[in-house]
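Structure assessment
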Amino acid sequence: MPNTADRKPASMQASEATNYDLNCLTIAELEKLARERMDKQTRDYYNEGADDGSTLKENQSAYGKYRIRPRVLRDVSVIDTSVNIFGQRNSSPFGIAPTAMQRLAHDDGELATARACRKAGIVMGLSSFATSTLEDVKEESGENANVLQLYLFEEKNHSIKLIERAKKAGYKAVLLTVDTPYLGRRNLEIRNQFKLPSHLKIANFAGNPDDEEEIEQEKGEIDAEHPMGHSPPQKIRKRRNSNAGWHDGEKRVAPTGPITFHTHAPNPTLSWEESIPWLKEVAAPMEVWVKGVATGEDALLAIHHNVDGIVVSNHGGRQLNGALATLDALPEVVEAVGGRVPVHVDGGVRHGTDIFKALALGADFVWVGRPALWGLAYKGEEGVALCLRLLSDEFRLCMSLAGVTRVKDIGKEYLVKLNRDGFVSRL
Ligand SMILES: Cc1cc2nc3c(=O)[nH]c(=O)nc-3n(C[C@H](O)[C@H](O)[C@H](O)COP(=O)(O)O)c2cc1C
Ligand SMILES: CC(C)CC(=O)C(=O)O
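One structure accompanies this document, and this report is about it.

Rules behind the numbers
- Residue numbers run consecutively from 1 along every chain, following the written order of its sequence.
- Both sets of labels track the order of writing: A upward for chains, 1 upward for ligands.
- With pLDDT at 70 or above as the cut-off, local features in this predicted model cover only qualifying residues; side-chain atom pairs require 80 or more to be listed or tallied, and sums for whole chains, interfaces and linings still use all residues.
- Only heavy atoms go into the side-chain values, all of them from the structure, while hydrogens and water stay out.
- Whether a residue is near a molecule or strand is decided by its heavy atoms; if any one of them lies within 4 Å of it, the residue is near.
- Polar contact criterion, stated in full: a pair of N or O atoms within 3.5 Å, where within protein one must be able to donate a hydrogen and the other to accept it, and residues adjacent in sequence count only if both atoms are side-chain atoms.
- Surface accessibility follows the Shrake-Rupley procedure with a 1.4 Å probe radius. Residue values consider only the protein chains on display as shielding.
- Helical segments are the DSSP runs of H or I of at least four residues, strand segments are the runs of E of at least two, and each set is numbered from the N terminus.
- Classification convention: Asp, Glu, Lys, Arg as charged; Ala, Val, Leu, Ile, Met, Phe, Trp, Tyr, Cys, Pro as nonpolar; all other residues, Gly among them, as polar.
- Any carboxyl oxygen of Asp or Glu that lies within 4 Å of a side-chain nitrogen of Lys or Arg is treated as forming a salt bridge with it.
- Relative accessibility under 20% of the residue-type maximum defines a buried residue, over 50% an exposed one, and the middle range a partly exposed one, all with a 1.4 Å probe and only protein chains included.
- Put simply, buried Ala, Val, Leu, Ile, Met, Phe, Trp, Tyr and Cys residues joined by side-chain atoms within 4.5 Å make one nonpolar core.
- Working rule for contacts: check all heavy atoms of both residues, and any pair within 4.5 Å makes them a contact.
- Pairs of strands are assigned from DSSP output, requiring at least two bridges between the strands.
- To get an axis, fit a line to the C-alpha atoms, keeping to the stretch in contact for a helix; angles then go from 0 to 180 degrees between the N-to-C directions.
- The cut-offs work like this: below 35 degrees is roughly parallel, past 145 is roughly antiparallel, 65 to 115 is roughly perpendicular, and the gaps in between are oblique.
- Think of it this way: a Phe, Tyr or Trp ring, Trp meaning its six-membered ring, pairs with another when their centres are within 6.5 Å, and the plane angle makes it stacked under 30 degrees, edge-to-face over 60, tilted otherwise.
- Two thresholds decide whether a charge sits over a ring: the Lys NZ or Arg CZ must be within 6 Å of the ring centre and within 35 degrees of the ring normal.
- Orient the strands so they point away from the viewer; a crossover is then right-handed if the path from the first strand over the helix to the second runs clockwise.

Of all residues adjacent to ligand 1, which total 23 residues, the nearest are Pro98, Ser127, Thr177, Asp346 and Arg350. One of the backbone N or O atoms of Pro98 is found 2.7 Å from an oxygen atom in ligand 1. Considering ligand 1 on its own, with 600 Å² of exposed area, one finds that the protein chains cover 99% of that surface. At the level of secondary structure, the elements contributing two or more residues to the shell around ligand 1 comprise helix H3 (40–47) and helix H14 (370–402). Its residues assigned to classes, the shell around ligand 1 comprises eight nonpolar, ten polar and five charged.

Structure below.
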């Protein structure tokens, strides 16, 4: 973590601002710049939500329903934006969410993200379906904290191997993604017949003798109608290596053969009782978090099963379209949890003020997905660093202008909700 990040005098900000990339002063500009640099398949894969994308949009627009109540004359000359998380002092209360296949955006992929995160003192989440191995990512991260996102496979041995490797490499936690019993229906992916280009690999499963065939993953086995294996189909379909995620009418057939993102990410067999106690045991001493909780009821079940933390998430609107925006789901989860475990949130965060609002609504921490991918597509490591810097600087300025000097003091007294009739109400 950079030593200036902890307690940075506000007076440094003006001079720092002169070093900005003048082509890109906001995440919205970063998105636009990235758009021009990605091929269509990658752009669609990264940016799309499920179905008509309404949850994707609402994740973002939900932030517009709140306004900040700033306090003044409070000596904001020294602002501390840092928080403790996963055993490190994180320079700002946000991390980079796990997103699959980052080498689609830039040759350095996850390694560039890891370097940028390390230099900024920001925790990085790594997808199981990364295009770099978890060991290589850890090496680039050095002492900076990493967490590994898990899709728990039906063949538990594959998961055990991955978890053991993460433990050995020094990952702090596993985030079990719980919103993906099937893949959401992403129409552009289907239309584009999305596949990983042959020079890229789902690196964590390549080279393993059991998984060797994985490299063959996309060759000649894409179902022409539904290449991502989305949603339970209406009729029997056959694939050469696997039929995970598909129903064959009455009876589901578990995936066999090489691990591919089409076949193994979705796992409709998971249940609280079977997955969490097992995972707690296998993953210890790493923490076990669940990512993808969106209700108070499930938050209570998560606590009942002794998870170490909860990420309120709808997978960036890529799974159940029509689901509640994550910011709208957050308060009921926070209330159900009652401070017993940390509650994080992701989805739609595009500005430092969004981070502030999520924290004011009770989140302990925020994760950011697509903006880092846009940074990567724009300029590799430098682009991710830019993304981190924009969000960090915006958040710091927001704290200063709202009259808060410590993250733990951000509470609901700093927000009002904007009602449809234009009136505001205190929370
Ligand atoms: C291209 C892409 C790939 C993703 N891959 C994964 C993944 O492998 N595992 C996972 O749990 N979530 C994955 N996510 C979801 C993110 O972790 C996160 O929940 C989401 O991106 C947050 O929303 P945002 O992009 O609006 O910030 C992915 C999201 C995107 C956009
Ligand atoms: C490997 C994929 C299933 C990654 C993912 O979670 C996504 O594309 O949203």
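That shown, we press on.
In this section: the pattern of salt bridges. For the structure on display, the rule yields 17 salt bridges. Of the charged contacts in the structure, one is a salt bridge between Arg165 and Glu135, with a shortest N-O distance of 2.7 Å. Separated by 30 residues along the polypeptide, Arg165 in helix H7 (residues 156–169) and Glu135 in helix H6 (residues 134–141) bring together distant segments of the chain. A relative accessible area of 26% means that Arg165 is categorised as partly exposed. The closest approach of N and O atoms between Arg318 and Glu189, which form a salt bridge, is 3.8 Å. Placement of Arg318 in the loop between strand S13 (309–312) and helix H12 (326–337) and of Glu189 in helix H8 (residues 187–192) is noted, with a sequence separation of 129 residues between them. Neither residue differs from the other here; Arg318 and Glu189 are each classed as buried.

This part covers the nonpolar core. The biggest cluster of nonpolar side chains holds 121 residues, and the ones touching the most others in it are Phe129, Leu279 and Ile310. Broken down by element, this core gets its largest block of residues, 16 residues, from H14. When neighbours within four sequence positions are excluded, Ile310 is seen to be in contact with Trp289, Val290, Val293, Ala299, Ala302, Val333, Val337, Val341, Pro342, Val343 and His344.

Near ligand 2 the following residues occur: Tyr45, Ala100, Phe129, Tyr151, Leu183, Arg186, Phe261, Ala265, His315 and Arg318. Tyr45 places a polar side-chain atom, nitrogen or oxygen, 2.6 Å from an oxygen atom of ligand 2. Contact between ligand 2 and His315: an oxygen atom at 2.7 Å from a side-chain N or O atom of the residue. With the chains in place, 95% of the 280 Å² that ligand 2 exposes on its own is no longer accessible. Among the residues making up the shell around ligand 2, the classes are represented as seven nonpolar, one polar and two charged.

Turning our eyes to something else, we now look at the sheet that holds strand S2 (residues 66–68). Strand order in the open sheet formed by three strands is S2-S16-S17, with antiparallel pairing between adjacent strands. The sheet is open, and its two borders are formed by S2 and strand S17 (424–426), each paired with just one other strand. Strand after strand, the sheet turns through a mean of 35 degrees between neighbouring axes, direction not considered. Helix H13 (residues 352–360) contacts S2 and strand S16 (415–418) of the sheet and is inclined by roughly 100 degrees relative to S2.

Axis separation between helix H2 (residues 27–37) and H14 bottoms out at 10 Å; the angle between their running directions is 170 degrees. Between H2 and H14, the crossing angle belongs to the class labelled roughly antiparallel. Contacts between H2 and H14 pair Ile27, Leu30, Glu31, Leu33, Ala34 and Arg37 from the former with Pro371, Trp374, Gly375, Ala377, Tyr378, Leu386, Cys387, Leu390 and Leu391 from the latter. When grouped by side-chain class, the residues that make up the contact of H2 with H14 number twelve nonpolar, one polar and two charged.

Within this structure, the stated rule accounts for ten aromatic pairs. Ring geometry for Phe86 and Trp289: centres 5.2 Å apart, planes at 55 degrees, overall tilted. In this pair, Phe86 sits in the loop between strand S4 (83–85) and strand S5 (88–90) while Trp289 sits in strand S12 (residues 287–293), placing the two residues 203 residues apart along the sequence. Assessed through its relative accessible area of 7%, Phe86 is described here as buried. Their ring planes at 50 degrees and their centres at 6.4 Å tell us that Phe86 and Trp367 sit as a pair that is tilted. Within this pair, whereas Phe86 is found in the loop between S4 and S5, its partner Trp367 is found in strand S15 (residues 365–368), the two being separated by 281 residues in sequence. Across this residue pair, the class does not change: Phe86 and Trp367 are buried. By the ring-pair criterion, three or more aromatic residues cluster together here, those being Phe86, Trp289, Phe365 and Trp367. Here the guanidinium or amino end of Lys156 rests over the ring plane of Trp278, the centre of that ring lying 4.9 Å away. For Arg389, the ring lying beneath its charged end belongs to Tyr20, and the centroid distance is 3.9 Å.

Of the two faces of S15, the one carrying Phe365 and Trp367 and the one carrying Val366 and Val368 are both buried. As paired elements, strand S6 (residues 94–96) and S15 share three bridges and run parallel to each other. Residue pairing in the sheet places Gly95 in a bridge with Trp367 of S15. Each parallel crossover has a hand, and the one from strand S14 (residues 343–346) via H13 to S15 is right-handed.

Looking down a regular strand, the side chains alternate between one sheet face and the other. Here S14 shows no split at all, with Val343 and Val345 on one side and His344 and Asp346 on the other all buried. Pairing between S13 and S14: three bridges, direction parallel. Of the residues in S14, the one forming a bridge with Val312 is Val345. Following the chain from S13 across H12 to the adjacent parallel S14, one finds a crossover that is right-handed.

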